[in-house]
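Each chain, written out:
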Amino acid sequence: MIIVITGPQSSGKGTQAEILQKEYGFKHISTGDILREEVKADTLEGREADSYMKKGLLVPYDLNNTILKKALDKYKDKTILLDGYPRTLPQVEHLMKIAEVKCVIYINISDEVAVQRACNRRICTATNKIYILDKLTPQDYETCKLAGGEIVQRTDDNPKTIKARLKIYHEQTSPCLSYLEKHKIPVFKINGERPIDAISADVKQELKKIKLI
Ligand code: ADP
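We now turn to the structure provided with this report. None of the values given here were measured: they were computed from a predicted structure.

**Quick look at the pattern of salt bridges**
Move 1: In total, this model carries 16 salt bridges according to the counting rule given.
Move 2: A salt bridge links Arg 154 to Asp 156, with the nearest nitrogen and oxygen atoms 2.9 Å apart. The residues Arg 154 and Asp 156 share a single accessibility class, namely buried.
Move 3: For Glu 206, the salt bridge is made with Lys 209, and the minimal N-O distance between the two is 3.3 Å.

**Things to note about the site of the ligand**
Move 1: Around the ligand, the surrounding shell holds 19 residues, and the nearest of these are Thr 31, Arg 36, Leu 57, Gly 84 and Arg 87.
Move 2: Taking Arg 121, its side chain carries an N or O atom lying 3.3 Å from an oxygen atom of the ligand.
Move 3: In this structure, an oxygen atom belonging to the ligand sits 3.0 Å away from a side-chain N or O atom of Arg 154.
Move 4: If you tally residues by element for the shell around the ligand, the top one is helix α2 (residues 31–40), at four residues.
Move 5: In the shell around the ligand, the residues fall into six nonpolar, six polar and seven charged.

**Overview of the nonpolar core**
Move 1: The biggest cluster of nonpolar side chains holds 21 residues, and the ones touching the most others in it are Leu 82, Leu 95 and Val 104.
Move 2: Among the elements of the structure, β1 (2–6), α4 (61–74), β3 (80–83), α5 (89–98), β4 (101–108) and α8 (159–182) are those that each provide at least two residues to this core.
Move 3: The contact partners of Leu 95, leaving out residues within four places of it in the chain, are Ile 2, Val 4, Leu 68, Leu 82, Tyr 85, Pro 86 and Val 101.
Move 4: Ile 3, Ile 5, Ala 17 and Ile 199 belong to the second-largest nonpolar core, a separate cluster that totals 15 residues.

**Looking at α8**
Move 1: Under the 1.5 Å per step criterion, the end-to-end length of α8 is 34 Å for 24 residues, consistent within 8% with the ideal 34 Å.
Move 2: Considering bend angle alone, the principal kink of α8 is centred on Tyr 169 and spans about 40 degrees.
Move 3: Those residues of α8 lying buried are Thr 161, Ile 162, Arg 165, Leu 166, Ile 168, Tyr 169, Thr 173, Cys 176, Leu 177, Tyr 179 and Leu 180.
Move 4: Directly beyond the C-terminal end of α8, a positive phi value near 65 degrees is found at Lys 184.

**Digging into the pairing of β4**
On any regular strand, side chains alternate: one points to one face of the sheet, the next to the other face.
Move 1: Counting buried residues along β4, six of its eight residues qualify, which places the element largely inside the surrounding structure.
Move 2: In the sheet, β1 pairs with β4 via five bridges, with the strands oriented parallel. Directly across from Thr 6, in β4, lies its bridge partner Tyr 106.
Move 3: Of the pairings in the sheet, the one linking β4 to strand β8 (residues 187–191) comprises five bridges and is parallel in character.

**A few points about the sheet that holds strand β6 (residues 130–132)**
Move 1: An order of β6-β5-β7 is seen for the three strands of this open sheet, with the pairing classed as antiparallel. Whereas interior strands pair on both sides, the edge strands pair on one side only; in this sheet they are β6 and β7 (151–152).
Move 2: Strand direction decides the pairing type here: strand β5 (residues 121–124) and β7, joined by two bridges, are antiparallel. Note on β7: the bridge partner recorded for Cys 124 is Ile 151.

Rules of the game
Along each chain, numbering runs from 1 in the same order as the chain's sequence is written. Local features in this predicted model are restricted to residues of pLDDT 70 or higher, and side-chain atom pairs are both shown and tallied only at a pLDDT of 80 or more, whereas totals for entire chains, interfaces and linings draw on every residue. Hydrogen atoms and water are omitted, and side-chain values are computed over all heavy atoms in the structure. Whenever a carboxyl oxygen of Asp or Glu lies within 4 Å of a side-chain nitrogen of Lys or Arg, that contact is scored as a salt bridge. When a residue's accessible area, from a 1.4 Å probe over protein chains only, is under 20% of the maximum for its type it is buried; when over 50% it is exposed; and in between it is partly exposed. When we say a residue is near a molecule or strand, we mean one of its heavy atoms is within 4 Å of it. Two N or O atoms form a polar contact when they lie within 3.5 Å of each other; inside protein one atom must be a possible hydrogen donor and the other a possible acceptor, and for residues adjacent in sequence the pair counts only when both atoms belong to side chains. Secondary structure elements follow DSSP: runs of H or I no shorter than four residues count as helices, runs of E no shorter than two count as strands, and numbering proceeds from the N terminus. Each residue gets one of three labels, nonpolar for Ala, Val, Leu, Ile, Met, Phe, Trp, Tyr, Cys and Pro, charged for Asp, Glu, Lys and Arg, and polar for the others, Gly among them. Put simply, buried Ala, Val, Leu, Ile, Met, Phe, Trp, Tyr and Cys residues joined by side-chain atoms within 4.5 Å make one nonpolar core. Throughout, a residue-residue contact means that at least one pair of heavy atoms, one from each residue, lies within 4.5 Å. Given a helix with a known number of residues, its expected span is that number minus one, times 1.5 Å. Consider a residue and the seven residues that end there alongside the seven that start there; fitting an axis to each set, the bend is the angle between those axes. Pairing between strands is defined by DSSP: at least two bridges between them are needed.

Structure below.
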């Protein structure tokens, strides 16, 4: 069973998914995180994906579906919070064939806020935890170091690449929402330009309405 979590770059999908994972035992699967792990491990898939990701382009369909299948098989007994997939109409069609999609949490922000947030975003290479540059503390650096990682900026979090990713988002990912609605999947639209707790409260309220929590 799958809950899709979607929205533009830096809309806070990962943050909300982590909250739900912790509180309700769902499994958060981020295709972006999986791809970054493959790049880090310098696997064949990782090397291929890296050239696309660096430019802000989508990695090829087949490569992504292989990665998705591996992850879904591994956690087939859990409710999965799927983040980063589907991003295109062929991906959403594929997903509907192989899994039961229960609903979509759609966190929306403007492009302006997306660019500003992504430029300010840093990530721990060991845990994939997201940090905000202005709010980083010496303790955060220490925690990340202890986990065996470093706090870095993603190679695709620069203004030029973010704009390319947003363009793809509007042209290819947004139409997935209409597709899902047409197929009677509930899409919960949530304003992402608010504090984390307010967003989380709305997400939970929607999930309660359809008895997923
Ligand atoms: P964001 O949503 O902030 O752009 P992600 O971490 O979800 O970042 O994804 C980073 C990159 O990984 C994307 O720009 C793309 O290159 C690749 N990627 C992730 N998921 C997919 C997917 N479903 N299909 C194709 N490429 C993907």
